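# Structural overview
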Amino acid sequence: MPESPESPVDVLGDEASWHLLASADLGRLAVSTEAGVDIFPINYVVADRVIFFRTAPGSKLMDLTTRPIVALETDGTHHRRRWSVVVKGTAVRLGSDEEIEASGVLRLHSLMPTEKWNYVRITASSITGRQFTSSHRAG
């Protein structure tokens, strides 16, 4: 969707959305829980339009194992415009050393100092992106 004075929001295509998603490494993972929905910050890496992340044992891993449909959101600034990308998909814990090594997730640096020996792949079923100019003005 082209930029216009009437529409300050641009809808991004798949290519642009994947490019922006891959340019970031911190997102928010939404998982379904018994009580509703929970959101966790995660560091991630994108390889061949698949998302990988590491996690420690706990509620996030248990929830996505029993309810694998997830959403990942990340955002940032590009050329003085804000953007947001949302991926919906299915999360699966990686089960073999070959999968883990091939994914590139071992090179992922986590901002949390906890041990994370569980590796997860998110296969996207959809990706959407938006880009916009902020209406906030310094005052």
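The present account deals with the structure reproduced in this document. Along each chain, residue indices are assigned from 1 in the same order as the chain's sequence is written. Local features in this predicted model are restricted to residues of pLDDT 70 or higher, and side-chain atom pairs are both shown and tallied only at a pLDDT of 80 or more, whereas totals for entire chains, interfaces and linings draw on every residue. Water and hydrogen atoms play no part in the side-chain values, which are based on all heavy atoms of the structure.

## Some details on the environment of Glu 99
Going by this rule: Strands are runs of DSSP state E lasting at least two residues, helices are runs of H or I lasting at least four, and both sets are numbered from the N terminus onward. For the exposure calls, accessible area comes from a 1.4 Å probe over protein chains only, and a residue counts as buried if that area is under 20% of its type's maximum, exposed if over 50%, partly exposed in between. It only takes one pair of heavy atoms within 4.5 Å for two residues to be counted as in contact.
Along the chain, the position of Glu 99 falls in helix α3 (residues 97-103). Glu 99 gets classed as partly exposed once you look at its relative accessible area, which sits at 32%. In this structure the C-alpha to C-alpha distance between Glu 99 and Tyr 119, which are 20 residues apart in sequence, comes to 9.4 Å. With near-sequence residues (within four places) excluded, Glu 99 lies in contact with Leu 94 and Arg 121.

## Comments concerning unusual backbone geometry
Even without being glycine, Asp 48 reaches a positive phi, approximately 55 degrees. Relative to the helices and strands, Asp 48 resides in the loop between β4 (45-47) and β5 (50-55).

## Some remarks on the pattern of salt bridges
Any two side chains of opposite charge can pair, given that their charged atoms come close. Operational definition: We count a salt bridge whenever a side-chain nitrogen from Lys or Arg sits within 4 Å of a carboxyl oxygen from Asp or Glu.
Under the defined criterion, the tally for this structure stands at six salt bridges. Put simply, Asp 10 and Arg 81 hold a salt bridge, and the shortest N to O gap is 2.7 Å. Of the two residues, Asp 10 is situated in strand β1 (residues 9-12) and Arg 81 in strand β7 (residues 81-93); the sequence distance between them amounts to 71 residues. When sorted by exposure, Asp 10 lands in the same class as Arg 81, which is buried.

## Some words on the packing of aromatic side chains
Cut-off, in case you're wondering: When the centres of two rings from Phe, Tyr and Trp lie within 6.5 Å, Trp using its six-membered ring, the rings pair. Their planes under 30 degrees apart give stacked, over 60 give edge-to-face, and anything left gives tilted. Charge-over-ring contacts are defined here by two conditions on Lys NZ or Arg CZ: a distance within 6 Å of the ring centre and an angle within 35 degrees of the ring normal.
The tally for this structure, following the rule as stated, stands at zero aromatic pairs. The ring of Trp 117 carries Arg 54 above its face, with NZ or CZ at 5.8 Å from the centroid.

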